[in-house]
Amino acid sequence: MEISKLQDIVSQTRRDILRMVHKVNSGHPGGSLGCTEFLVTLYNEVMNLKENFEMDGIGEDLFFLSNGHISPVFYSVLARKGYFPVEELNTFRLLNSRLQGHPTTHDHLPGVRIASGSLGQGLSVAIGATQAKKLNGDNNIVYTLHGDGELQEGQNWEAIMYASAKKVDNLIATIDHNGQQIDGSTDEVLNMGSLKAKFEAFDWDVLEIKDGNNLEAIVAGMKEAKSRTGKGKPVCVILDTVMGNGVDFMMYTHAWHGKAPNNDQLANGLAQNSETLGDY
């Protein structure tokens, strides 16, 4: 897909995020905005996907969202890709909606393969899917997304150790490296040092996308990551992003990790992102 078309989806997705969170005065706009370019690119340029959603995922790439609180961007990308009607974004976080604050599977929302929200579990689930694909002779790739603050939880490191030991080389795990989490900067809460050095010490193949909010950089970086699969090592992408990207007053701070904009702030944020595909 042309970069200009990806950019149109990015702009509309940001509008969706802001409007969803504002309507119910609840949700997580900061991380959602920071990962917009990545998820738009992943679903519209990188992954091998079937036209219709099938839960077993045979014969296609899979994606698992581990940091499930950024559901607004996930729902918008899925809807704009055609998994379910865009108008359903109106039901975000409402009672009896399929679009809960954290994605769930019991309501059978197309595109959602696991319930996520309890941080630190996504990689373990994804590794199970990668090994199932190997057993089935399915050469497609499993992609995951994790928050950097999420890596402070121990189950991740058990999974990271297991993946390299078992040569899970059909896996690309992306870390949203924005340096922010709900209580402050990741360095202040629990400094993790060099994530690149840590993953390499666990015998992963690691690459970095330094401009993780630049569409061209993401396309090139993820294609490079894909080229490194099938060579005996799991692949980690460290994606340097800006929390709240695209809405100037939300950027570079943890303050908007889980806070909704008021009416004036919504208008300000929408004014910075053009309506390109039509608001729902």
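Residues numbered from 1 in each chain as written. Predicted model: local features only at pLDDT ≥ 70, side-chain atom pairs only at ≥ 80, totals over all residues. Heavy atoms only, no water.

So, about the overall build of the protein. The number of helices and strands found in the protein is 10 helices and seven strands. Scaling as 2.2 N^0.38, a compact globule of 280 residues should have a C-alpha radius of gyration of about 19 Å, and the protein matches this with 18 Å. Principal axes of the C-alpha set define a box for the protein whose edges measure 50 × 45 × 35 Å. Evaluated residue by residue, the protein yields a buried proportion of 55% over its 280 residues. Contacts spanning at least 24 positions in sequence make up 75% of the contacts within the protein whose residues lie at least 6 apart. As displayed, the protein has an accessible area near 11500 Å², and 48% of this comes from carbon and sulfur atoms. Taken as two groups, the 24 positive and 35 negative side-chain charges of the protein have centres that lie 4 Å from each other. (Helix = DSSP H or I, 4+ residues; strand = E, 2+ residues; numbered from the N terminus. Rg over C-alpha atoms; globule rule 2.2 N^0.38 Å. Buried < 20%, exposed > 50% of the residue type's maximum accessible area, 1.4 Å probe, protein only. Contact = heavy atoms within 4.5 Å. Areas by Shrake-Rupley, 256 points an atom, 1.4 Å probe, with all protein chains shown as cover. Lys, Arg positive; Asp, Glu negative; His and termini not counted. Charge placed at Lys NZ, Arg CZ, Asp CG, Glu CD.)

Right, let's talk about the environment of Phe92 for a bit. Of note, Phe92 is situated in the loop between helix H4 (71-81) and helix H5 (122-135). Between the C-alpha atoms of Phe92 and Pro72, which are 20 residues apart in sequence, the distance is 8.0 Å. Sequence-distant contacts of Phe92, that is, excluding residues within four places in its chain, are made with Met20, Val21, Val24, Ser26, Ser71, Pro72, Tyr75, Ser97, Leu99, Gln100 and Gly101.

Attention now moves to the nonpolar core. Counting 54 residues, the largest nonpolar core has Leu42, Tyr43, Phe63 and Met222 as the members making the most contacts within it. With seven residues, the top contributor of residues to this core is helix H1 (residues 3-24). The contacts of Leu42, once residues within four sequence positions are left out, are Met47, Phe63, Tyr143 and Met222. Counting 24 residues, the second-largest nonpolar core is a separate cluster that includes Phe64, Trp157, Ala173 and Leu195. (Core = buried A, V, L, I, M, F, W, Y, C linked by side-chain atoms within 4.5 Å.)

A separate point is empty space enclosed by the protein. The gaps of empty space that remain are located by a probe, the size of a water molecule, rolled over the atoms. Applying the stated criterion to the full structure yields two cavities of 30 Å³ or more. In this structure, the largest cavity occupies an estimated 60 Å³ of space. In terms of lining residues, the largest cavity is bounded by Tyr43, Met47, Leu49, Phe53, Asp61, Leu62, Phe63, Tyr83, Gly111 and Arg113. Its residues assigned to classes, the lining of the largest cavity shows seven nonpolar, one polar and two charged. By volume, the second largest cavity is sized at about 50 Å³. Looking at side-chain class alone, the lining of the second largest cavity contains seven nonpolar, two polar and one charged residues. (1 Å grid on protein atoms, 1.4 Å probe; cavity = no way out; pocket = protein on both sides within 12 Å on 5 of 7 lines; lining within 4 Å. Points joined across faces, edges and corners; volume = space filled by probe spheres on them. Nonpolar A, V, L, I, M, F, W, Y, C, P; charged D, E, K, R; others polar.)

Here we come to unusual backbone geometry. Across the chain, the bulk of peptide bonds are trans and the bulk of non-glycine residues have phi less than zero. Residue Asn25 is not a glycine yet carries a positive backbone phi of 50 degrees. Within the fold, Asn25 resides in the loop between H1 and helix H2 (29-34). What makes Asn25 exposed here is its relative accessible area of 59%. The residue Lys167 is not glycine, and still its phi comes out positive at about 55 degrees. Counting through the fold element by element, Lys167 comes out in the loop between helix H6 (154-165) and strand S3 (171-177). Looking at Lys167, the relative accessible area reads 53%, which means it is exposed.

Look at H6: 17 Å from first C-alpha to last across 12 residues, which is about the 16 Å you get at 1.5 Å a residue. Among the residues of H6, those classed as buried are Asn156, Trp157, Ala159, Ile160, Ala163 and Ser164. When H6 is viewed along its axis, its buried side chains cluster within an angular range of 160 degrees and face the same direction. H6 presents Glu158 and Ala165 as exposed residues on the side facing more than 90 degrees away from its buried surface. The inward-facing, buried residues of H6 contact H5, strand S2 (142-147), S3 and helix H8 (195-201). Just beyond H6, the residue with positive phi is Lys167, at close to 55 degrees. (Expected span 1.5 Å × (residues − 1). Arc of directions from axis to C-beta.)

Purely spatial values, then, with no claim about function.
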